[in-house]
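Summary of the model geometry
One letter stands for each residue in the lines below.
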Amino acid sequence: MQNTDIIISGGGMVGAALALALSQAGLTVSLIEKHAPAPFAAQSEIDLRVSSLNLRSERWLQQLGAWQALAAMRLCPYQYLQAGEAKASVRFDAADIAEDHLGHIVENNLVQLALWQQFNRHVTVITDTQISAVQENDTAVQVTLADGQQLSGALLIGADGANSVVRQFAGIGTQGWQYQQACLVAYVDTPYPQQDITWQQFYPSGPRAFLPLPGARASLVWYDEAAKVKQLAQLAPAALEHAFITAFPAELGAVKLKASAWFPLARMHAQHYVKGRCVLAGDAAHTINPLAGQGVNLGFADAMLLADTLIENQQAGRDLADNASLKQYQRQRKLQNTLMMSAMDAIYQTFSRDSDTLSFIRQQGLRLAANAGPAKRLLTKYAVGNGVF
Ligand SMILES: Cc1cc2nc3c(=O)[nH]c(=O)nc-3n(C[C@H](O)[C@H](O)[C@H](O)COP(=O)(O)OP(=O)(O)OC[C@H]3O[C@@H](n4cnc5c(N)ncnc54)[C@H](O)[C@@H]3O)c2cc1C
């Protein structure tokens, strides 16, 4: 039996950040991950799974010492963020809040790798396996892995994504639904040099988004009815390339398709984040419509608060799984995550309906946001993660 302070299932972006933050405070962590990240090679193709990281997430990764490693690999900053529809749009500029960028587009697997590279001797990484049984008593939680290893710790963290096994072993139910829309993500070469803007144009069938990547490259996201997205995904590469060029705003230019994949979109929220000696963070606790690129930013916000809570428990000599403090974590994060999910749904509903009244409201709202100085600055602060979320 291997003894440790904390067991984490899932070493993706959120689980790895938690393992790093806890180990830097001297806690011992056993991290169980199905697939270790591949090493980086400068000539390797860009991962299709990219995320927009806000300034708050960036600053936390800097504190953890992982940002520098990520920057040495690949990332793309953006100064402007533009959202709108054909007749009205709003452009946010980092200069309005005295910053030189609003965020970065990063490859998920490189964020994970940069975090793993910082692990110290307090982190024991166990790969290519997963939890097959969980047992809990008054003082510890014991897990058995599929390969027969056994671990014991004060707390088990589920950071193992939307299909979390920890959530299932803890018997925590979920609420949510599948959206009618799905999205097609493509990685393309663009005719222009590296861009410093990310834009999203709304259409009645769903938004179409441009995320800049390092060099003359970009990630494109096309949200549409699930049936339409599946049809697009079956097109030959040249036909799909043509579809992007004709369906996206002209500013996209004549892109060259490199790779694409489609994703279903689901809203899922765990009924509890905490049960006994199990606690959830990141996509294990919630998945959100990705239209404003908030998923992992919310996951990092969970991880920041959970790490602080556990470090405080340790410093105060309390049980790491102290129920009152974990409930406080649950209360705070569940509220913020619910607010963000509802905000995304309001945007989804408002922009997905083709009615004259809604179109009028959308255009007035966009014009107001574009012209109102203090309100625009406030919205920009939310966009970079300096609001309540
Ligand atoms: C199309 C799309 C676009 C998105 N764009 C953005 C964006 O721009 N910005 C943003 O912030 N978010 C975005 N998101 C959301 C973001 O990708 C997720 O919120 C983020 O990946 C969650 O990180 P996580 O570490 O919680 O979970 P995951 O990334 O799912 O990682 C879970 C980890 O656990 C491992 N694992 C799973 N099961 C087990 C098991 N049983 N045992 C051991 N290990 C296990 C997995 O291998 C993985 O490494 C997007 C999502 C989608 C679908």
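Residues numbered from 1 in each chain as written. Predicted model: local features only at pLDDT ≥ 70, side-chain atom pairs only at ≥ 80, totals over all residues. Heavy atoms only, no water.

Brief notes about the UniProt feature "domain: FAD-binding" (unreviewed entry) in the protein
The criterion, for reference: UniProt positions are given in the numbering used here, feature names are shortened, and annotations may be inferred rather than shown by experiment. Helical segments are the DSSP runs of H or I of at least four residues, strand segments are the runs of E of at least two, and each set is numbered from the N terminus.
Here, UniProt's "domain: FAD-binding" (unreviewed entry) annotation points to residues 4-336. The annotated region residues 4-336 carries 29% helix and 35% strand content, and the separation between its end C-alpha atoms amounts to 31 Å.

Focus: the packing of helix α2 (residues 55-64) against helix α8 (residues 295-315)
Selection rule: Note on geometry: axes are lines fitted to C-alpha atoms, helical ones only across the stretch in contact, with angles between N-to-C directions running from 0 to 180 degrees. Here roughly perpendicular refers to angles of 65 to 115 degrees, roughly parallel to angles under 35, roughly antiparallel to angles over 145, and oblique to all remaining angles. Note on convention: near helix rotated counterclockwise from far helix by under a right angle means a left-handed crossing. Clockwise means right-handed. In this description, contact between two residues means that some pair of their heavy atoms is separated by no more than 4.5 Å. Note on residue classes: Ala, Val, Leu, Ile, Met, Phe, Trp, Tyr, Cys and Pro are nonpolar, Asp, Glu, Lys and Arg are charged, and everything else, Gly too, is polar.
α8 packs onto α2 with a crossing angle of 45 degrees between their chain directions and a minimal axis gap of 9 Å. As the angle between them shows, α2 and α8 are arranged oblique. Judged by the twist between their axes, the crossing of α2 over α8 is left-handed. Along its contact with α2, which presents R56, S57, W60 and L61, the element α8 presents N297, F300, A301, A303 and M304. The residue inventory of the contact of α2 with α8, partitioned by class, reads 6 nonpolar, 2 polar and 1 charged.

Quick notes on the site of the ligand
This is how the line gets drawn: In these notes, residues near a molecule or strand are those with any non-hydrogen atom within 4 Å of it. Within 3.5 Å is the distance limit for a polar contact, defined as a pair of N or O atoms, with the added protein rule that one can donate a hydrogen and the other accept it, and that residues adjacent in sequence qualify only through two side-chain atoms. Where accessible areas are quoted, they stem from the Shrake-Rupley method and a 1.4 Å probe; at the residue level, only the protein chains shown are allowed to cover.
The environment of the ligand is made up of 29 residues, and the closest members are E33, S52, Q130, D283 and V296. Separating a nitrogen atom of the ligand from a backbone N or O atom of K34 is a distance of 3.3 Å. A distance of 3.3 Å is found between an oxygen atom of the ligand and a backbone nitrogen or oxygen belonging to G295. Considering the ligand on its own, with 1,000 Å² of exposed area, one finds that the protein chains cover 82% of that surface. Those elements giving two or more residues to the shell around the ligand turn out to be α1 (13-24), β3 (29-33), β4 (50-54), α4 (108-116), β14 (174-189) and α8. Residue composition of the shell around the ligand, grouped by class: 11 nonpolar, 14 polar and 4 charged.

A word on the pattern of salt bridges
Counted only if it meets this: Salt-bridge detection follows one rule: a side-chain nitrogen of Lys or Arg within 4 Å of a carboxyl oxygen of Asp or Glu. For the exposure calls, accessible area comes from a 1.4 Å probe over protein chains only, and a residue counts as buried if that area is under 20% of its type's maximum, exposed if over 50%, partly exposed in between.
The full count for this structure, using the stated rule, is 10 salt bridges. The salt bridge involving K258 is made with E45; its shortest N-O contact spans 3.9 Å. Here K258, found in strand β18 (residues 256-270), pairs with E45, found in the loop between β3 and β4; they are 213 residues apart in sequence, far enough to count as distant. Among the residues examined, K258 registers a relative accessible area of 40% and is labelled partly exposed. With its nearest N and O atoms 3.1 Å apart, the salt bridge here joins E99 to R59. Here R59 lies in helix α2 and E99 lies in the loop between β7 (88-93) and β8 (103-107), a separation of 40 residues in the sequence. Under the relative-accessibility criterion, E99 is labelled partly exposed at 24%. The network of salt bridges with shared partners includes E45, D189 and K258.

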